[in-house]
Amino acid sequence: YEEKIKIAFQIYDVNSDGFISNGDLFNLLKMLVGDNLSNIQLQQLVDRTIIAADKDYDGKIGLEEFSDFVSDMKIDEMFSLNIFQKWKIEYVILV
């Protein structure tokens, strides 16, 4: 399971700098949700996620923080919007 978390982290760490930044998360989520969320809604979701997962308050998510954030999730949930439901981070999908 730890190896799968590392692989998931590497996917979210778009620029491979060892952290999931606000920009990394925004770009990845934009690919996931497409035009279902406006950029403003998406940025709000990203900001709330960073706040929920960022335990050392440096504005980015390290591997250990990511591991803690997803520790009780199934692997497939790490790659869906379910990752936000864990922390009751609200999002709205516009139809």
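Look up a bit, the structure's there.
Conventions used here
- Residues numbered from 1 in each chain as written.
- Predicted model: local features only at pLDDT ≥ 70, side-chain atom pairs only at ≥ 80, totals over all residues.
- Heavy atoms only, no water.
- Helix = DSSP H or I, 4+ residues; strand = E, 2+ residues; numbered from the N terminus.
- Buried < 20%, exposed > 50% of the residue type's maximum accessible area, 1.4 Å probe, protein only.
- Contact = heavy atoms within 4.5 Å.
- Areas by Shrake-Rupley, 256 points an atom, 1.4 Å probe, with all protein chains shown as cover.
- Core = buried A, V, L, I, M, F, W, Y, C linked by side-chain atoms within 4.5 Å.
- Arc of directions from axis to C-beta.
- Phe/Tyr/Trp six-rings, centres within 6.5 Å; stacked < 30°, edge-to-face > 60°.
- Lys NZ or Arg CZ within 6 Å of the ring centre and 35° of its normal.
- Axes fitted to C-alpha atoms, helices over the stretch in contact; angles between N-to-C directions.
- Parallel < 35°, antiparallel > 145°, perpendicular 65-115°, else oblique.
- Left-handed = near helix turned anticlockwise from the far one by under 90°.
- Nonpolar A, V, L, I, M, F, W, Y, C, P; charged D, E, K, R; others polar.

Undergrad: Tell me what's going on with the overall build of the protein, and back it up with residues and numbers.
TA: Within the protein, the regular secondary structure consists of five helices and zero strands. Listing the helices and strands of the protein from first to last along the sequence gives α-α-α-α-α. The proportion of buried residues among the 95 residues of the protein is 35%. If you take every contact in the protein between residues at least 6 apart in sequence, the share linking residues at least 24 apart comes to 50%. Approximately 5,800 Å² of the protein is accessible, and the part contributed by carbon and sulfur atoms is 55%.

Undergrad: Go over the nonpolar core, please, and point to the residues and values.
TA: Membership of the largest hydrophobic core comes to 21 residues, with the highest contact counts inside it found for Ile 20, Leu 25 and Phe 66. For this core, the elements supplying multiple residues, two or more each, are helix H1 (2-12), helix H2 (22-33), helix H3 (39-53) and helix H4 (63-70). In terms of residue count, the dominant contributor to this core is H3 (six residues). If we ignore the near neighbours within four places in the chain, the residues touching Leu 25 are Tyr 12, Ile 20, Val 46, Thr 49 and Ile 50.

Undergrad: Please provide a residue-by-residue account of H1, values included.
TA: Of all the residues in H1, the buried ones are Ile 5, Ala 8, Phe 9 and Tyr 12. The buried side chains of H1 occupy one side of the element, clustering within an arc of 100 degrees when seen end-on. Exposed residues pointing more than 90 degrees away from the buried face of H1 are listed as Glu 3 and Gln 10.

Undergrad: Please set out the packing of aromatic side chains residue by residue, giving values where relevant.
TA: If you walk through the whole model with that rule in mind, you get two aromatic pairs. Ring plane angle 50 degrees and centroid distance 5.6 Å describe the contact between Tyr 12 and Phe 66, whose orientation is recorded as tilted. Note that Tyr 12 is positioned in helix H1 and Phe 66 in helix H4, a separation of 54 residues in sequence. Given a relative accessible area of 3%, Phe 66 falls into the buried group. Sitting over the face of the ring of Phe 19, Lys 60 holds its NZ or CZ atom 4.2 Å from the ring centroid.

Undergrad: So, the packing of H1 against H4: which residues are in play, and what are the values?
TA: Where H1 contacts H4, the two axes come as close as 10 Å, and the packing angle between them is 115 degrees. When the axes of H1 and H4 are compared, the pair comes out roughly perpendicular. The two elements H1 and H4 meet at a crossing, and its hand is right-handed. Packed against H1, whose contacting residues are Ile 5, Lys 6, Ala 8, Phe 9 and Tyr 12, the element H4 presents Leu 63, Phe 66, Ser 67 and Val 70 at the interface. In the contact of H1 with H4, the residues fall into seven nonpolar, one polar and one charged.

Everything listed is a geometric property; what it means functionally is a separate question.
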